[in-house]
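Examining the three-dimensional arrangement
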Amino acid sequence: MASNHATRVYDSILDLLPNEENPTPLVRLRRVVPFKHAVVYAKLEWYNPFGAVKDRVAANLIRDAEERGILGPGKKLVEATSGNTGVGLAMIGNARGYGLETPLSAAIPLEKRTTLRFFGTKVVELDDSLCPAPGAPEGAIATAREKAQSDPSYVALDQYANEANPGGHYRTTGPEIWRQTGGEVTHFVAGLGTCGTITGTGRFLKERNASVKVLGVYPEDGHDIPGVRSKRQLAQTKLYFPDEYDGEVEVTNREAFEMCLRLNREESIIAGPSSGMALAGALKLIPDEPGVVAVVIFPDNIFKYASSICRHFPEMAPPAKPGAEAAAPSRREQLFEAMMENLKNPHDSVRVTKLAAELAGGAAPLIIDVRPPDQYAEMHVPGAINIPQSELPNRKLELPEDRDAPIVMVCGIGKFSKETTLFLKSLGYRNVRNLKGGINEWVRKGQPTEGSGGTVAAAAASPAQAEG
Ligand SMILES: Cc1ncc(COP(=O)(O)O)c(C=O)c1O
């Protein structure tokens, strides 16, 4: 029996993938939207068969690669992902006979990493930022590309640079919205990650009506909203075309999670954190005028984010002991978090450009790289020594006698090195600093490195890097 959207009877789960005949729902928002005139719809992307907007992208990346003959029987997929693309590729791969390997950040919620393994994916956890940091040498994106280059049985579809990513939205999301709004849509809003959603959907809608406003929302630096990128990261996102958009706005972590909570409690919509972010931004960008019909993409739902909820709403964390009151973070945890936060001051943290100037000026501090030996061996700041974080307590004797000796701690993105900076301070070191952004930022700023990858000289400073 052929698949039938009207009766919702399907011959294969893949026939549930979205298109004009089988669009994801648009739901009007009322309680959290303070507008008198403008009408705002949310497009609920968890109605896709595998639960997120990325099902569209996974389907189109695979379709495109098969048509171009680079993907076929016997091939495996390797893809860096913040989770949702991995889920789409894993499930469509299972249906079409492709295994999947996903290098990803260890900071991604446990729920997502575990679910990917449950789907049969080989998950490789790395010291990378939530939405894989563009240009991070041993980050998830580089690891996936290297795997495909070194092993021809693997194909890297590479959502971050593949036109089939926005292509998936141009073929489905755009046509759906146009038909569902009867061509009345005036404003389209999406959160920015790879930028496939905003770029592909925006191109389709503007072809139908050039006056449609295409608007982007991005999180503040240091956010923990999976799937999206801060302004700094967007600067290196290949599918980010700000000239094609009509506006964009930054939203804080707090605003995003607060709106996410309101959507669930006041609208009874099970929206996830990046949906809260997109709507919080949309309400800053959309004019409250008669005739305004806005559509905001809600990429996935809240069910995968229990650990994020506990972090942002500690009162919702399970009570430590059954029957005990929901324990707020202990005084010690709060103190530790506050100390980590305080380290961001200019005395205890050093920017890449400042450290580079110190090295060039001959006032080189002792640089201690606390990453695992294999990552250090591959590439590190010239002259840095390696004491992995886990070994530091037992290797104190290798540290300088002089407690005023200038020391800089380095890791992948500047998170673990903060903890080790605190540790050295607790040993009495008075001139120890954390390298902001870690080795990722060092390379992103084009600074020289050493390692099995050879000695890489400083790249000529580009305008962006020049601004420091
Ligand atoms: C939860 C979530 N929100 C937002 C986005 C951003 O979408 P795009 O990559 O199309 O910009 C993603 C992308 O992975 C996502 O997983």
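What counts, and where the lines are drawn
- Residues numbered from 1 in each chain as written.
- Predicted model: local features only at pLDDT ≥ 70, side-chain atom pairs only at ≥ 80, totals over all residues.
- Heavy atoms only, no water.
- Axes fitted to C-alpha atoms, helices over the stretch in contact; angles between N-to-C directions.
- Helix = DSSP H or I, 4+ residues; strand = E, 2+ residues; numbered from the N terminus.
- Parallel < 35°, antiparallel > 145°, perpendicular 65-115°, else oblique.
- Left-handed = near helix turned anticlockwise from the far one by under 90°.
- Contact = heavy atoms within 4.5 Å.
- Nonpolar A, V, L, I, M, F, W, Y, C, P; charged D, E, K, R; others polar.
- Buried < 20%, exposed > 50% of the residue type's maximum accessible area, 1.4 Å probe, protein only.
- Arc of directions from axis to C-beta.
- Domains from an automatic or database assignment.
- Near = heavy atom within 4 Å.
- Polar contact = N/O pair within 3.5 Å; in protein donor to acceptor, adjacent residues only side chain to side chain.
- Areas by Shrake-Rupley, 256 points an atom, 1.4 Å probe, with all protein chains shown as cover.
- Pairing = 2+ DSSP bridges.
- Phe/Tyr/Trp six-rings, centres within 6.5 Å; stacked < 30°, edge-to-face > 60°.

Concerning the packing of helix 1 (residues 54-67) against helix 2 (residues 84-96)
Interhelical geometry of helix 1 versus helix 2 gives an angle of 50 degrees and a closest axis separation of 8 Å. Overall, the two elements helix 1 and helix 2 adopt an arrangement that is oblique. Read as a crossing pair, helix 1 and helix 2 show a hand that is right-handed. Taking contact as the criterion, the partners of Lys-54, Asp-55, Ala-58, Ala-59, Ile-62 and Glu-66 in helix 1 are, on helix 2, Asn-84, Thr-85, Gly-88, Leu-89, Ile-92, Gly-93 and Arg-96. Across the contact of helix 1 with helix 2, the residue classes break down as five nonpolar, four polar and four charged.

Observations regarding helix 3 (residues 110-118)
Those residues of helix 3 not exposed but buried are Lys-112, Arg-113 and Leu-116. On an axial view of helix 3, the arc spanned by its buried residues comes to 100 degrees, and they lie on one face. Of the exposed residues in helix 3, the ones pointing more than 90 degrees away from its buried face are Leu-110 and Phe-118. Backbone geometry just after helix 3 places Gly-120 at a positive phi near 95 degrees.

A look at helix 4 (residues 140-150)
All of the buried residues along helix 4 are Ala-140, Ile-141, Ala-142, Ala-144 and Ala-148. Buried-residue contacts for helix 4 involve strand 3 (76-78), strand 4 (99-105), strand 5 (122-126) and strand 6 (154-155).

What about the domain arrangement of the protein chain?
Considered domain by domain, the protein chain is made up of domain 1 (12-328) and domain 2 (336-467). For domain 1 and domain 2, the distance between their C-alpha centres works out to 33 Å.

So, the site of the ligand
Around the ligand sit 17 residues, and of these Gly-193, Thr-194, Cys-195, Thr-197 and Ser-274 come closest. Contacts to the ligand include Lys-54, whose side-chain N or O atom sits 2.9 Å from an oxygen atom. With respect to the ligand, the backbone of Gly-196 contributes an N or O atom lying 3.5 Å from an oxygen atom. Burial of the ligand by the protein amounts to 97% of the accessible area it has alone, namely 390 Å². Across the shell around the ligand, the residue classes tally to six nonpolar, nine polar and two charged.

A closer look at the sheet that holds strand 1 (residues 26-28)
Strand order in the open sheet formed by six strands is 1-2-10-7-8-9, with mixed pairing between adjacent strands. A strand with exactly one partner marks an edge of an open sheet, and here the two such strands are strand 1 and strand 9 (247-251). Across this sheet, the average inter-strand angle for adjacent strands is 25 degrees, counted without regard to direction.

Here's the deal with the packing of helix 5 (residues 164-171) against helix 7 (residues 196-208)
In contact at an axis separation of 7 Å, helix 5 and helix 7 are set at 45 degrees when each is read in the N-to-C sense. Viewed along their axes, helix 5 and helix 7 adopt a mutual orientation that is oblique. The chirality of how helix 5 crosses helix 7 is right-handed. Touching Asn-165, Pro-166, His-169 and Tyr-170 of helix 5 are Gly-196, Thr-197, Thr-199, Gly-200, Thr-201, Arg-203, Phe-204 and Glu-207, all from helix 7.

Let's talk about the packing of aromatic side chains
Ring pairs (aromatic) are described by centroid distance and by the angle formed between their planes. Across all of its chains, the model carries two aromatic pairs by this definition. The interplanar angle of 75 degrees and the centroid separation of 5.6 Å between the aromatic rings of Tyr-170 and Phe-204 together place this pair among those described as edge-to-face. Pair noted here: Tyr-170 is in helix 5 and Phe-204 is in helix 7, with a separation of 34 residues, a long-range link. Taking relative accessible area as the criterion, Phe-204 reaches 7% and is therefore assigned buried. Here Tyr-240 and Tyr-245 contribute two aromatic rings whose centre-to-centre distance is 6.0 Å and whose plane-to-plane angle is 50 degrees, an arrangement assigned as tilted.

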